[in-house]
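One-letter residues, chain by chain:
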Amino acid sequence: MFTKAIVRKPAHTFANGITEANLGKPDYKIALKQHEAYCEALAKCGLELTILEANPEFPDSCFVEDTAVVTKDFGVIARPGNIKRQGEEIEIKKVLEPLLPLYSITEPGTLDGGDVMQADNKFIIGLSNRTNLTGSRQLKEILEKHNYDVTVIPICNILHFKTGVNYLGENNLLLQEGICSLNELSSYNHIIIEQDEFYAANCLRVNDYVLVPKGFPKTKSNVEKLGYKIIELELSEFQKMDGGLSCLSLRF
Ligand code: CIR
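Here is what the cut-offs are and how they apply
- Residues numbered from 1 in each chain as written.
- Predicted model: local features only at pLDDT ≥ 70, side-chain atom pairs only at ≥ 80, totals over all residues.
- Heavy atoms only, no water.
- Buried < 20%, exposed > 50% of the residue type's maximum accessible area, 1.4 Å probe, protein only.
- Helix = DSSP H or I, 4+ residues; strand = E, 2+ residues; numbered from the N terminus.
- Right-handed = clockwise from strand over helix to strand, strands pointing away.
- Pairing = 2+ DSSP bridges.
- Core = buried A, V, L, I, M, F, W, Y, C linked by side-chain atoms within 4.5 Å.
- Contact = heavy atoms within 4.5 Å.
- Axes fitted to C-alpha atoms, helices over the stretch in contact; angles between N-to-C directions.

A.B. asks: Before we move on, could you go through the pairing of strand β1 (residues 4–8) and cite the residues and values that matter?
C.D. replies: With 4 of 5 residues buried, β1 is to be regarded as a mostly interior element. Handedness of the crossover is the feature at issue here: the chain leaves β1, passes through helix α1 (residues 28–44), returns alongside strand β2 (residues 48–52), and the resulting connection is right-handed. One ladder, built from 2 bridges, connects β1 with strand β15 (residues 250–251); its direction is antiparallel. Note that in β15 the partner of A5 across the bridge is R251.

Listed below in structure tokens is the structure:
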């Protein structure tokens, strides 16, 4: 069970962030509304929220997931793989410091939290354009010290590992059709997301609910069929900036 989450409001500079989505410019006011609804959903799932003020210096800083990896017992401050995002982690470190013992990924390691997926007692770290081998090895060592199993696998054609693969719990794994490194994921029950709903591979399990992006009926129905309670959220403006449900919070 998660009890807490950290989120950060989108900044007015949000549209200047990094994106390859080609879906047009996000509307800041709509993004703020969608973010509010996201926060309400996390509260409904039982989480106590720390809502950080927007930081216009970092247009991508609402995607807090990338700045750390957190568990109930400790946190690891990430070292963002895109230079435009390096520095976002500094304030997150200040926020987490009073709450958890912390480690840090250090140079030349880079790691984005979006590449790190927890599945019960196991972590899978994706090697991406953002997370390098050194960063992954540093994180693996820390997690193994805490008795987690860790697998590092290369990813292709997606921004972050969790852009394409997400663990719901109960051995259920959502994954985009055609994802590489399938062998390492063969022990899970696969729920395949077809190309027209790829964005919905990033659903987010929070306690008794699964948060699902709005507008992806096949994924919604497949998740419901597994017996999960669903909260649907409109995320269009975050999708335009390559961000999804998991990216918008750190949960622990
Ligand atoms: C970026 O490119 O870094 C942001 N525009 C989107 C980050 C999304 N985060 C995530 O998937 N964990």
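On we go from here.
A.B. asks: Break down the nonpolar core for me, citing the residues and quoting the values.
C.D. replies: Grouped together as the largest cluster of nonpolar side chains are 27 residues, with contacts concentrated most on Y38, L42, F63, L211 and F238. Secondary structure elements with two or more residues in this core: β1, α1, β12 (204–206), β13 (209–213) and β14 (229–233). Looking at this core, the element that brings in the most residues is α1, giving 5 residues. Excluding residues within four positions of it along the chain, L42 makes contact with A5, V7, L47, L49, V206, L211 and S249.

A.B. asks: Account for the sheet that holds strand β4 (residues 75–77), naming residues and giving values.
C.D. replies: One open sheet accounts for 3 strands, arranged β3-β4-β5; its pairing is mixed. Of all strands in the sheet, those bounded by a partner on one side alone are β3 (68–70) and β5 (102–104). Each strand axis lies, on average, 20 degrees off the axis of its neighbour in the sheet, ignoring direction. Examined bridge by bridge, β3 and β4 share 3 bridges and lie antiparallel to one another. By the bridge assignment for β4, A68 is matched with I77. Along the sheet, helix α3 (residues 133–145) makes contact with β3, β4 and β5, crossing β5 at roughly 155 degrees.

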